[in-house]
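# Summary of structural features
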Amino acid sequence: MNKKVRILMLHGPNLNLLGKRLPDIYGPMSLDEINNCILNYAQEKGIQVDIHQTNSETMIIDLIHKAQGYDGIVLNPGAYTHTSYAIRDAIEAMGICTIEVHLSNIYAREPFRKKSAIAPVCIGQITGLGWYGYILAIAFLINSQGDKDAI
């Protein structure tokens, strides 16, 4: 019997403002609407997705530390993408297949957004595809079941 795939979804700082904050960049959907799309997809695929949003770098790190047993992490670190070596180190230490996701195309924005401290310890990065980037990350994790050698 195949085990149920478990994915940890982490939304970082300011993502609780989606739908209100710069909708021309981040899209018109609220975080609740995006999370509902994610949970509907998870239900269709028969997997478990646990979703958290926090503005706290410490909380993101604590959640990553508690992620043992998950098949993967989907992380939108928000602005911590560019500054948090602590989140990077937590991902590296845990060794759990992690995909970095961004709603906007960070490479088409301000120069400081073009460098990710986190991407080098992730299996991949999805950027600029809006909320659908989360679905693509989940689809990969379903198919690989957290096996970094699956690609």
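Residues numbered from 1 in each chain as written. Predicted model: local features only at pLDDT ≥ 70, side-chain atom pairs only at ≥ 80, totals over all residues. Heavy atoms only, no water.

What follows is about a nonpolar patch on the surface. Residues Leu129, Trp131, Tyr132 and Leu136 make up a contiguous nonpolar surface patch of roughly 360 Å² in combined accessible area. Within the secondary structure layout, Leu129 lies in the loop between strand E5 (124-127) and helix H5 (132-144). (Patch = residues over 30% accessible without salt bridge, like charges linked within 9 Å, V, L, I, M, F, W, Y side chains within 5 Å. Areas by Shrake-Rupley, 256 points an atom, 1.4 Å probe, with all protein chains shown as cover. Salt bridge = Lys/Arg side-chain N within 4 Å of Asp/Glu carboxyl O. Helix = DSSP H or I, 4+ residues; strand = E, 2+ residues; numbered from the N terminus.)

One pair of aromatic rings is described through two measures. These are the centre distance and the angle between the planes. Applying the stated criterion across every chain yields a total of one aromatic pair. Centroid distance Trp131 to Tyr132: 5.8 Å. Interplanar angle 85°. Geometry classified as edge-to-face. Assessed through its relative accessible area of 42%, Tyr132 is described here as partly exposed. Against the face of Tyr70 rests Arg6, its NZ or CZ located 4.1 Å from the ring centre. (Phe/Tyr/Trp six-rings, centres within 6.5 Å; stacked < 30°, edge-to-face > 60°. Buried < 20%, exposed > 50% of the residue type's maximum accessible area, 1.4 Å probe, protein only. Lys NZ or Arg CZ within 6 Å of the ring centre and 35° of its normal.)

Once that is clear, we can look at the nonpolar core. Nonpolar side chains tend to gather and get buried jointly when the protein is soluble and globular. Counting residues in hydrophobic clusters, the biggest one holds 25 residues, and the most contacted among them are Ile7, Ile38, Ile47, Val49, Val74, Tyr134 and Ile138. Only strand E1 (6-11), helix H2 (31-45), strand E4 (98-102) and H5 provide two or more residues apiece to this core. The element best represented in this core is H5, accounting for six residues. If near-sequence neighbours (up to four positions away) are discounted, Val49 is found in contact with Ile7, Met9, Ile38, Leu39, Ala42 and Ile138. Counting 18 residues, the second largest nonpolar core, distinct from the first, contains Leu10, Ile60, Leu63 and Val121. (Core = buried A, V, L, I, M, F, W, Y, C linked by side-chain atoms within 4.5 Å. Contact = heavy atoms within 4.5 Å.)

On to the pattern of salt bridges, then. Applying the stated rule across the entire model yields four salt bridges. Across the salt bridge formed by Arg109 and Glu110, the nearest N and O atoms sit 3.7 Å from each other.

Put simply, helix H3 (residues 57-65) and helix H4 (residues 85-94) touch, their axes get as near as 9 Å, and they point 0° apart. Classified by the angle their axes make, H3 and H4 are roughly parallel. Contacts between H3 and H4 pair Glu57, Ile60, Ile61, Ile64 and His65 from the former with Ala86, Ile87, Ala90, Ile91 and Met94 from the latter. (Axes fitted to C-alpha atoms, helices over the stretch in contact; angles between N-to-C directions. Parallel < 35°, antiparallel > 145°, perpendicular 65-115°, else oblique.)

In this section: the pairing of strand E3 (residues 72-76). By the criterion of burial, E3 is predominantly enclosed, with five of the five residues buried. Burial along E3 is two-sided: the face carrying Gly72, Val74 and Asn76 and the face carrying Ile73 and Leu75 are both buried. Here E1 pairs with E3 via five bridges, running parallel. What sits directly across from Leu8, in E3, is Ile73. In this sheet, E4 lies alongside E3 in parallel orientation, the contact comprising three bridges. (Pairing = 2+ DSSP bridges.)

Within the chain, Asn14 stands out as a residue other than glycine whose phi angle is a positive 70°. By secondary structure assignment, the location of Asn14 is in the loop between E1 and helix H1 (23-26). You will see that Leu22, though not glycine, has its phi angle at about 45°, which is positive. By the secondary structure assignment, Leu22 is in the loop between E1 and H1.

We now examine H5. Here H5 is 13 residues long and its end C-alpha atoms lie 19 Å apart, about the 18 Å a rise of 1.5 Å per residue gives. Residues of H5 that are buried: Gly133, Tyr134, Ile135, Ala137, Ile138, Leu141, Ile142 and Ser144. Elements that come into contact with the buried residues of H5 comprise E1, H2, strand E2 (48-53), E3, E4 and E5. (Expected span 1.5 Å × (residues − 1).)

Purely geometric stuff here, so don't read any function into it on its own.
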